[in-house]
Amino acid sequence: MTDFAATKAMFDLPEGVIYLDGNSLGPLPRAAKDRVGAMMQDEWGQMLITGWNKAGWMDKPKALGDRIGRLIGAEPGHVVMGDTLSIKVYQAVASALELNPGRKVVLSDNGNFPTDLYMASGLLKSLGPDYELRVVDPEDVEDAITDEIAVLMITEVDYRTGRKHDMKALTAKAHANGVLTVWDLAHSAGAIPVDLAGCKADFAVGCTYKYLNGGPGAPAFIYVSPRHAGAARPALSGWLGHEAPFAFDLDYRPGQGIDRMRVGTPPILQLTALEAAMDIWDKADMDSVRAKSIDLCDLFIAEVERTCPQLELASPRDPAFRGSQVSFKFDEGYAAMQALIARGVIGDFRAPDIMRFGFTPLYIDEGDVRAAAEIIADVMTNALWDRPEYMVRHAVT
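Here we summarise the structure given alongside this text. (Residues numbered from 1 in each chain as written. Predicted model: local features only at pLDDT ≥ 70, side-chain atom pairs only at ≥ 80, totals over all residues. Heavy atoms only, no water.)

## Details of a negative patch on the surface
What counts, and what does not: Only residues whose relative accessible area exceeds 30% and that form no salt bridge are eligible for patches; like-charged ones are grouped when within 9 Å, while nonpolar side chains (Val, Leu, Ile, Met, Phe, Trp, Tyr) are grouped when within 5 Å. Per-residue accessibility takes into account occlusion by the displayed protein chains alone, with areas from the Shrake-Rupley method and a 1.4 Å probe. The term salt bridge refers to a side-chain nitrogen of Lys or Arg lying within 4 Å of a carboxyl oxygen of Asp or Glu. Positive charges are assigned to Lys and Arg, negative charges to Asp and Glu, while His and the chain termini are left out of the count. Charge positions come from single atoms, namely NZ of Lys, CZ of Arg, CG of Asp or CD of Glu. Throughout, exposure labels follow a simple rule: accessible area from a 1.4 Å probe, protein chains only, divided by the maximum for the residue type, with under 20% read as buried, over 50% as exposed, and the rest as partly exposed.
A cluster of acidic residues, Asp 137, Glu 139, Asp 140, Glu 142, Asp 143 and Asp 166, forms a negative patch on the protein surface. Relative accessible area serves as the criterion here: at 34%, Asp 137 is assigned to the partly exposed category.

## Some remarks on the sheet that holds strand E9 (residues 312-313)
Here is the rule: A pair of strands is labelled paired if DSSP reports no fewer than 2 bridges between them. Numbering of helices and strands runs from the N terminus, with a helix taken as a DSSP run of H or I at least four residues long and a strand as a DSSP run of E at least two residues long. Residue contacts follow a heavy-atom distance rule, with two residues in contact if any of their heavy atoms lie within 4.5 Å. Each axis is a line fitted through C-alpha atoms, taken for helices only over the stretch in contact, and angles between the N-to-C directions span 0 to 180 degrees.
Ordered in space as E9-E10-E13-E12, the four strands form an open sheet in which the pairing is antiparallel. The open sheet has two edge strands with one neighbour each: E9 and strand E12 (348-350). As defined by bridge partners, strand E10 (residues 325-329) adjoins strand E13 (residues 354-358) across five bridges and the pair is classed as antiparallel. Residue Phe 328 lies in a different strand from E13, and its bridge partner there is Met 355. Sheet strands touched by helix H13 (residues 333-342): E12 and E13. Its angle to E13, the strand with the most contacts, is close to 40°.

## Here's the deal with the layout of surface pockets
Remark: the empty space left among the atoms is shown by a probe the size of a water molecule rolled over them. Quick note on the threshold: We place a 1 Å grid over just the protein atoms. Points where a 1.4 Å probe fits but has no way out form a cavity, open points with protein on both sides within 12 Å along at least 5 of 7 lines form a pocket, and any residue with an atom within 4 Å of a point lines it. Grid points are joined across faces, edges and corners, and a volume is the space filled by probe spheres set on the points. Put simply, Ala, Val, Leu, Ile, Met, Phe, Trp, Tyr, Cys and Pro go in the nonpolar bin, Asp, Glu, Lys and Arg in the charged bin, and everything else, Gly too, in the polar bin.
The volume enclosed by the largest pocket comes to roughly 290 Å³. Lining of the largest pocket is provided by 20 residues; of these, Leu 85, Phe 113, Thr 115, Tyr 209 and Lys 210 occupy positions nearest its centre. A breakdown of the residues in the lining of the largest pocket according to their chemical character gives eight nonpolar, seven polar and five charged.

## What about the pairing of E13?
Of all the five residues making up E13, five are buried; the element is thus mostly covered by neighbouring parts of the structure. Bridging between E12 and E13 involves three bridges; their strand directions are antiparallel. The residue of E13 that forms the bridge with Phe 349 is Met 355. Hairpin connection between E12 and E13: a loop of three residues separates the two successive antiparallel strands.

## A closer look at the environment of Leu 25
Structurally, Leu 25 can be placed in the loop between strand E1 (18-19) and helix H2 (30-47). Accessibility expressed as a relative area gives 31% for Leu 25, which makes it partly exposed. Separated by 184 residues in sequence, Leu 25 and Tyr 209 place their C-alpha atoms 5.5 Å apart. Here Leu 25 is in contact with Tyr 19, Tyr 209, Lys 210, Gly 215 and Pro 216, once residues within four sequence places are set aside.

## So, the packing of helix H4 (residues 60-71) against helix H11 (residues 268-281)
Just so we agree on the cut-off: The cut-offs work like this: below 35 degrees is roughly parallel, past 145 is roughly antiparallel, 65 to 115 is roughly perpendicular, and the gaps in between are oblique. Note: crossing handedness is left-handed where the near helix turns anticlockwise from the far helix by less than a right angle, and right-handed where it turns clockwise.
Between H4 and H11, the least distance of the axes is 11 Å, while the angle of their chain directions is 30°. Regarding the angle of H4 to H11, the classification is roughly parallel. By crossing handedness, the relation of H4 to H11 is classed as left-handed. Packed against H4, whose contacting residues are Lys 60, Pro 61, Leu 64, Arg 67, Ile 68, Arg 70 and Leu 71, the element H11 presents Ile 268, Leu 271, Thr 272, Leu 274, Glu 275, Met 278, Asp 279 and Trp 281 at the interface.

## Digging into H13
Judged by how many residues are buried, H13 sits mostly within the fold: eight of 10 residues are covered. Residues of H13 that are buried include every one of Gly 333, Tyr 334, Ala 335, Ala 336, Met 337, Gln 338, Ala 339 and Leu 340, and no others. For H13, the elements touching its buried residues are strand E11 (345-346), E12, E13, helix H14 (366-381) and helix H15 (388-391). Downstream of H13 by a residue or two, Gly 344 has a phi angle that is positive, lying close to 90°.

## Some thoughts on the pattern of salt bridges
Enumeration over the complete set of coordinates arrives at 26 salt bridges. With its nearest N and O atoms 2.6 Å apart, the salt bridge here joins Glu 389 to Arg 387. Each of Arg 35, Lys 60, Arg 67, Glu 275, Asp 279 and Asp 282 takes part in a single network of salt bridges with overlapping partners.

Here's what the structure looks like:
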């Protein structure tokens, strides 16, 4: 079982703040400052370029990929770090399309994060007018999987409401119809147990700055199933995905397995910060994280609904269909969230009316939930959000 009191002490949380936005940006692991500082001084500072060999910088993307792979049920050696989530979505969809020739439709849903849809749309437009991005309601995805579809591109947990797709069932339906799957785990990795191997997923991608606490701009990861790893052609043929990067051949030859999904030079400072976060996650069992998350979310829903009739639950009530976040609808949700932030309860807002709260048991406990609910009740009951300064929209909501 995970010792949540011990993990909470490993994060540098500001005094007087209840942080319920780890589903957008995870807080700072206490060890990260010293870890990154030591890397800068002892490795970058003293080793200079020899750090690529002496400090093992070149191996970090796969080593960290395996540590994340444990949390998402991936086979060892089939997850690699690098670049951004948008880049990894593009890679995965492009490779999946090429592995399924003769079909030209990518299926997704309107609960998907917009950047996934943008990247797929841009790719398909480049491929030609015969290609189509088909977007349906989340509840219609299963029925829309037919033998016309090439790729099913789905975010497992809806970023707005926390609604959770059934990865195993949808992947099975996809495969029965000759469809390959691309799963976005941005709101799954570190939030809920994932079993990529058991579900027979084809590709998966995700970010590390949310639940995994890698820091702002932390690199993304990509998973390729062993059955595709030697055949998937990387559409973005970067030099570090080459079979022999330092041969400097003018012709591209893809590397072995997951190595071919590397693109550019790995961000070593960010990967070092992520290592500090993974030292905490190495102590966590995802089943106990999930059980505690459900307890916290259920408690939060009960407390908020008891005192705030103005708020309408937007997340599934049944935890089996919900990730590790709770969302409420409120017409003035943006202003209400600003009022909460001003009082030390940090969540976030998603247009048009979603107040979103994330729950990570590694640093959130029952006391935090009850205290946050009391502040929310005060803000809502007394309309403390109804002030001009809370109506001003910032660039990041």
